[in-house]
Amino acid sequence: MKNIAVVGTGYVGLVTGVCLSDIGHDVTCVDIDEQKVEKMKKGISPIYEPGLDELMKKNIENGRLHFTTSHKEAFKDAEVIYIAVGTPQKEDGSADLRFVEQAAKDIAENIERDGVVVVTKSTVPVGTNYKVRNWIKSLLKKDIHFDVVSNPEFLREGSAIYDTFHGDRIVIGADNERAASIIEEVNKPFGIPIFKTDIHSAEMIKYASNAFLATKISFINEIANICEKVGANVEDVAYGMGLDTRIGPQFLRAGIGYGGSCFPKDTKALVQIAGNVDHKFDLLEAVINVNNKQQVKLVEKARNRFGSLQGKKVALLGLAFKPNTDDMREAASIVIAKELVKDGAFVAAYDPVAMENAKRVIGNEIMYANSIEEALHDADIAMIVTEWNEIKNLSLDTFVRYMKTPVVFDGRNCYSLEEVAKHNIEYHSIGRESILRSVVSI
Ligand SMILES: NC(=O)C1=CN([C@@H]2O[C@H](COP(=O)(O)OP(=O)(O)OC[C@H]3O[C@@H](n4cnc5c(N)ncnc54)[C@H](O)[C@@H]3O)[C@@H](O)[C@H]2O)C=CC1
Ligand SMILES: O=C(O)[C@H]1O[C@H](OP(=O)(O)OP(=O)(O)OC[C@H]2O[C@@H](n3ccc(=O)[nH]c3=O)[C@H](O)[C@@H]2O)[C@H](O)[C@@H](O)[C@@H]1O
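What counts as what
Residues numbered from 1 in each chain as written. Chains lettered and ligands numbered in written order. Predicted model: local features only at pLDDT ≥ 70, side-chain atom pairs only at ≥ 80, totals over all residues. UniProt positions renumbered as here; feature names shortened; annotations may be inferred. Core = buried A, V, L, I, M, F, W, Y, C linked by C-beta atoms within 7 Å. Buried ≥ 20, exposed ≤ 12 C-beta atoms within 10 Å, placed from the backbone. Helix = DSSP H or I, 4+ residues; strand = E, 2+ residues; numbered from the N terminus. Domains from an automatic or database assignment. Contact = placed C-beta atoms within 7 Å. Pairing = 2+ DSSP bridges. Axes fitted to C-alpha atoms, helices over the stretch in contact; angles between N-to-C directions. Near = placed C-beta within 6 Å. Nonpolar A, V, L, I, M, F, W, Y, C, P; charged D, E, K, R; others polar.

The protein chain carries the name UDP-glucose 6-dehydrogenase in an unreviewed UniProt entry, which gives Anoxybacillus pushchinoensis as its organism. Regarding the protein chain, the relevant UniProt record gives this comment under Catalytic activity (unreviewed entry): "UDP-alpha-D-glucose + 2 NAD(+) + H2O = UDP-alpha-D-glucuronate + 2 NADH + 3 H(+)". A UniProt comment under Sequence similarities (unreviewed entry) is attached to the protein chain, and it reads "Belongs to the UDP-glucose/GDP-mannose dehydrogenase family."

Caption draft 1: A look at the nonpolar core. By size, the foremost hydrophobic cluster in this structure holds 131 residues, and its most contacted members are Ile-81, Leu-316, Leu-317, Ala-349, Ala-382 and Met-383. Looking at this core element by element, the count peaks at nine residues for helix 9 (residues 199-230). Per-domain counts for this core show at least three residues from each of domain 1 (3-197) and domain 2 (198-441). The contacts of Leu-317, once residues within four sequence positions are left out, are Tyr-350, Ile-372, Ala-375, Ala-382, Met-383, Ile-384, Val-385 and Ile-391.

Caption draft 2: Fine view of the environment of Leu-284. In this structure, Leu-284 sits in helix 12 (residues 282-295). When the 20 C-beta atoms within 10 Å are taken as the criterion, Leu-284 is described as buried. Each C-alpha atom of the pair Leu-284 and Ser-218 lies 9.8 Å from the other, and the pair is 66 residues apart in sequence. Discounting chain neighbours no more than four positions away, the residues touching Leu-284 are Ala-211, Thr-267, Leu-270 and Val-271.

Caption draft 3: Local environment of the sheet that holds strand 9 (residues 313-317). Pairing is parallel across the open sheet formed by six strands, whose spatial order is 11-10-9-12-13-14. Pairing within the sheet leaves two strands with one partner each, and these edge strands are strand 11 (367-368) and strand 14 (426-428). Sitting on the sheet, helix 13 (residues 297-306) is in contact with strand 12 (381-384), strand 13 (407-410) and strand 14, with an inclination near 150° to strand 13.

Caption draft 4: Structural context of the environment of Lys-57. By the secondary structure assignment, Lys-57 is in helix 3 (residues 52-61). Taking the C-alpha atoms as reference, Lys-57 lies 39 Å from Ser-138; in sequence the two are 81 residues apart.

Caption draft 5: Local environment of the site of ligand 1. The local shell around ligand 1 holds 27 residues, among which Gly-8, Gly-10, Gly-86, Ser-122 and Thr-123 are the closest. Those elements that provide at least two residues to the shell around ligand 1 are helix 1 (11-22) and helix 5 (98-110). A per-element tally of the shell around ligand 1 places helix 5 first, with four residues. When grouped by side-chain class, the residues that make up the shell around ligand 1 number eleven nonpolar, ten polar and six charged.

Caption draft 6: Up close: the domain arrangement of the protein chain. Parsing the protein chain into structural domains produces domain 1 (3-197) and domain 2 (198-441). Averaged C-alpha coordinates put domain 1 and domain 2 at centres separated by 32 Å. Contributions of two or more residues to the side of domain 1 that touches domain 2 are made by helix 6 (128-139) and strand 7 (170-173). No other element matches the three residues that strand 7 contributes to the side of domain 1 that touches domain 2. Its residues assigned to classes, the side of domain 1 that touches domain 2 comprises 13 nonpolar, twelve polar and three charged.

This is the structure in structure tokens:
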């Protein structure tokens, strides 16, 4: 078992650190955010991620998981150092490597041991691992040997722990066998297939995978838009397509597009990576454009239905970019709320977990309700943005009972059309026929 340091304790760093300690390694997680570190030392996760708190507590108690704000302390005995800091997008869409460069500097200034393997988990453009090597090399005080390895992360928020233990593959990109086999050994207890390749290919696998998944989503959303016009049902279409094992059933859920901290930024970054070598990535640009349009689909449908949204009360159900996370980064709800406010609507929003983050991102132009019922109270329109179980399992009578006029725009196809048809609700979803009622006047 290895002595491991993890730099950055966001969704990826913290989950990685906790899971590596759970399979037996001695792990120290270092973060520059003192408040986060104080919380984590007490076994409290600063992010909402199912199962994380329990696993953190367990491994703190058994003495294999530590937290610190000191890079020196974290790297003292480290044989392997993971970089898991953020790589947000710059204004032009390219990846901002500021935090990775700083992490490299922190490593250069604090490593003591010969033979350390520096592993980049952050999603970084092709060539970055070599930059990391140069940044470290240029600042090393002593002549210490170290290697760099690319080990991109494929976990999903909301199921991050499950994904770490049950992922489809672990990719290791290295340019020497010693470093590759050390990281292979570290990961062996997970029992997940390991694919070893060169550094550039590993870096590209990450972007290509996210871009491909985003492409599937934009593709099915375009099919959904056509289904609405030709009278087909996108769920049956996706099911029928997915039966072909060459296509597969996953990531064919039509809706109001992809959000989150990765697909939006990674697709844009890949367009930039391609642009840097004079390749115009037409397909991916279209995927991004389709997604941008899809995010405002519900507002567009409501505008068409009502003419004007001025003075209407709109209940926004779900704010996080997907269920089971408190992450608001690039959530469709942000764009939708902005558009509704612009149209003069009064927005009452509810999310079971992401409310505090949402307040910081969306601000006080909308009202935040304490329950679904409070959001729906006296509303003219309900818009479903995130398919939380609490929303999916809602008794449909609730819309009838609380709303002024039960007109529902469902961006995540939470309910079957058969079920909705049993209630006195006007219902518009994505890629399926609308259910119209005479209960509402325009
Ligand atoms: N969020 C996700 O689901 C996934 C993210 N990724 C990639 O992983 C990387 C990290 O993403 P998140 O975990 O979402 O980021 P995050 O923004 O949630 O967390 C980054 C953390 O790094 C800390 N940090 C920054 N500079 C530091 C330094 N010099 N020393 C110590 N700590 C430092 C920050 O304080 C913060 O806590 C990104 O490149 C992202 O694209 C990859 C797969 C999944
Ligand atoms: O690089 C990353 O950060 C991660 O990005 C995604 O994970 P994540 O963003 O956490 O969540 P997903 O479940 O992939 O959902 C992303 C977005 O796509 C949307 N989506 C997903 C699937 C689908 O069929 N339809 C659809 O609209 C979701 O609502 C959500 O807004 C990838 O699935 C992970 O493999 C990857 O590691």
